[in-house]
Amino acid sequence: YMNTTIKNKILAGAMLFSALWMGSSCEDSIEGLKVTPETPYADKTLYEVLKNDKDLTDFMEVVNSCGPECADSLFNHSRVYTVWAPANGTFNKDSLIAEIEAGNRDQVFRCFIEAHIANHLKAADGKLEEDNKILLLNDKVALFTGDYVNGYTFDGQKIDDANIRVWNGILHKIAGPAEYKYNIWEFLKTDARVDS
């Protein structure tokens, strides 16, 4: 009898822990987004909203230049993302597209596109501390800081339009591109003077 009681208590505790853990992890799921019919883009994917935004056509030209599989893999699936998209005219779109056409698609994808996307939901909400670090798709870290009164920044760039909620994520429009931060190994690989 004693062993059955202990087993039942352990089982109940495990079930409670599991329920609490599952509930806390909903933030990064579609259900955790809680889009309502009143949300303007509740039925739109990130890709649909991005491609129709007149302020972000440069960003989307670079994304689309990587090929349809790039955009599809990022924005049209049921995973949730946060995108900090730089505004038109704030980066050299033509040089990035030229790099893609020269065969450096993976580099542009990693160093530019993935430098603006996180694989979870991050809203500009309340006070974001100075050390609020975001892990991006390219495994780099950027700071997402600020507050409602003074505004928010991403990697030092001012956020012009925050918290555009869509079916599979959140979009923030930023005033300029994030900087790709090379580690020593990556930097050495970009220097043609360094051989094997």
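Everything quoted here is computed from the prediction, not taken from an experiment.

Colleague: Help me understand the environment of Val-63 in this model?
Modeller: When you line up the elements, Val-63 lands in helix H4 (residues 57-65). Its relative accessible area of 0% is what places Val-63 among the buried residues. Separated by 51 residues in sequence, Val-63 and Glu-114 have C-alpha atoms that sit 10.0 Å apart. If we skip the residues at most four places from it in the chain, Val-63 touches Cys-70, Ala-71, Phe-75 and Ile-113.

Colleague: What is the right way to look at the confidence of the model for the protein chain in this model?
Modeller: Low-confidence regions, as indicated by low pLDDT, have predicted coordinates that should not be scrutinised in detail. Looking at the protein chain as a whole, the pLDDT averages 80, with 71% of positions reaching at least 70. Low confidence marks residues 14-37, where pLDDT is under 50. Its contacts with residues over four positions away, or in another chain, come to 23 contacts.

Colleague: Hey, could you run me through the packing of aromatic side chains in this one?
Modeller: Any pair of aromatic rings gets described here by the distance separating the centres and the angle formed by the planes. Applying the stated rule across the entire model yields five aromatic pairs. With 5.3 Å between their ring centres and 75° between their planes, Trp-84 and Phe-144 make a pair best called edge-to-face. Of this pair, Trp-84 sits in strand E1 (residues 81-86) while Phe-144 sits in strand E4 (residues 141-147); the two residues are 60 residues apart in sequence, bridging distant segments of the chain. For the pair shown, Trp-84 and Phe-144 are each scored as buried. Aromatic side chains Phe-144 and Tyr-152 sit 6.5 Å apart centroid to centroid with 45° between the ring planes, which places their arrangement in the tilted category. Relative accessible area serves as the criterion here: at 9%, Tyr-152 is assigned to the buried category. A connected cluster of aromatic rings, assembled from ring pairs, spans Trp-84, Phe-144, Tyr-152 and Phe-154.

Rules and cut-offs
Residues numbered from 1 in each chain as written. Predicted model: local features only at pLDDT ≥ 70, side-chain atom pairs only at ≥ 80, totals over all residues. Heavy atoms only, no water. Helix = DSSP H or I, 4+ residues; strand = E, 2+ residues; numbered from the N terminus. Buried < 20%, exposed > 50% of the residue type's maximum accessible area, 1.4 Å probe, protein only. Contact = heavy atoms within 4.5 Å. pLDDT = per-residue confidence, 0-100. Phe/Tyr/Trp six-rings, centres within 6.5 Å; stacked < 30°, edge-to-face > 60°.

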